[in-house]
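# A structural walkthrough
Next come the chains, spelled out residue by residue.
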Amino acid sequence: ETVYNAVMTWINHDTRRRKRLMRELMELVRFPFMDKLFFLKTVHSNEAICKCCQDIVTETLTYQVFPEDVRSPRTRPRHASGLKEAVVVIGGVEMEGTDENPTVHSNSITMTCTAEPSASSWVPLTRMRH
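These numbers come from a predicted model, not from an experiment. (Residues numbered from 1 in each chain as written. Predicted model: local features only at pLDDT ≥ 70, side-chain atom pairs only at ≥ 80, totals over all residues. Heavy atoms only, no water.)

### Side note on the overall build of the chain
A count of helical and extended segments in the chain gives six helices and five strands. Along the chain, helices and strands appear, N-terminal first, in the series α-α-α-α-α-α-β-β-β-β-β. Taken across its 130 residues, the chain has 27% of its residues classed as buried. The long-range share in the chain, meaning contacts at least 24 apart out of those at least 6 apart in sequence, stands at 45%. (Helix = DSSP H or I, 4+ residues; strand = E, 2+ residues; numbered from the N terminus. Buried < 20%, exposed > 50% of the residue type's maximum accessible area, 1.4 Å probe, protein only. Contact = heavy atoms within 4.5 Å.)

### What about the packing of aromatic side chains?
Throughout the structure, instances matching the rule amount to four aromatic pairs. Seen from their ring centres, tyrosine 4 and phenylalanine 31 are 5.9 Å apart, and the 65° between their planes marks the pair as edge-to-face. You can see tyrosine 4 sitting in helix H1 (residues 2-13) and its partner phenylalanine 31 sitting in the loop between helix H3 (22-26) and helix H4 (36-43), a full 27 residues away along the chain. Measuring from centroid to centroid gives 6.1 Å for tyrosine 4 and phenylalanine 38, while their planes differ by 85°, and the two rings are edge-to-face. Of the two residues, tyrosine 4 is situated in helix H1 and phenylalanine 38 in helix H4; the sequence distance between them amounts to 34 residues. Here tyrosine 4 and phenylalanine 38 have matching classes, each one buried. Following the ring pairs from residue to residue traces out a cluster consisting of Tyr4, Phe31, Phe38 and Phe39. (Phe/Tyr/Trp six-rings, centres within 6.5 Å; stacked < 30°, edge-to-face > 60°.)

### Observations regarding the nonpolar core
Of all hydrophobic cores here, the largest spans 17 residues; its most connected members are Tyr4, Met26, Val29, Phe31, Met34, Val43 and Ile49. Looking at which element gives the most residues to this core, the answer is H1, with four residues. (Core = buried A, V, L, I, M, F, W, Y, C linked by side-chain atoms within 4.5 Å.)

### Structural notes on the environment of isoleucine 49
Mapped onto the elements, isoleucine 49 comes out in helix H5 (residues 47-52). According to the relative accessible area criterion, isoleucine 49 is buried, its value standing at 1%. With 26 residues separating them in the primary sequence, isoleucine 49 and arginine 23 have C-alpha atoms 8.2 Å apart. Ignoring sequence-local partners within four residues, the contact set of isoleucine 49 consists of Tyr4, Met8, Met22, Met26, Val43, Gln54 and Val57.

### Some words on the confidence of the model for the chain
Within the chain, residue pLDDT values average 82, and 70% of them lie at 70 or more. Mean pLDDT across the secondary structure elements of the chain bottoms out at strand E3 (residues 102-105), with 62, and peaks at H4, with 95. (pLDDT = per-residue confidence, 0-100.)

Below is the structure:
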C-alpha cells in the first residue's frame, strides 16, 4: 500500500506529464500482496488504474482467490538484501553493595544483547553507561 500511495502521490502532483508513466510504475507495485480491502476500495475503484492496468488488476483479483494459479514478478516475495532478523533485549539491573546487603538500581539500562531467532545463544552488544 505504501508503494502504491507513493506512486499515486507522485503522479497526481503533475498528472498531465506523469500519467503516461503510470503503467511502467504500476508494474513495479506488488498488488497481490496488498490488503484485499485496501485493493478493492482504493485500487480497483480507481478508474485510471483500471483503464491503463486492467491486466494487473485482473491478476491481483485472481491471486486473491487462487494464489497458487498466478505467477508473475509481482507475486514473488522480494529477496532479503543482506538484512537479518534479530531479537534485541535492552534492560538489566545494576547491583551494588555486598552479597549480604545488595542494592538494586532498576531504573537504568545496563546492557543490550542480541540473538538470531534460529540461534540458541545470546551475544552481548554493549554495556550502557548511565
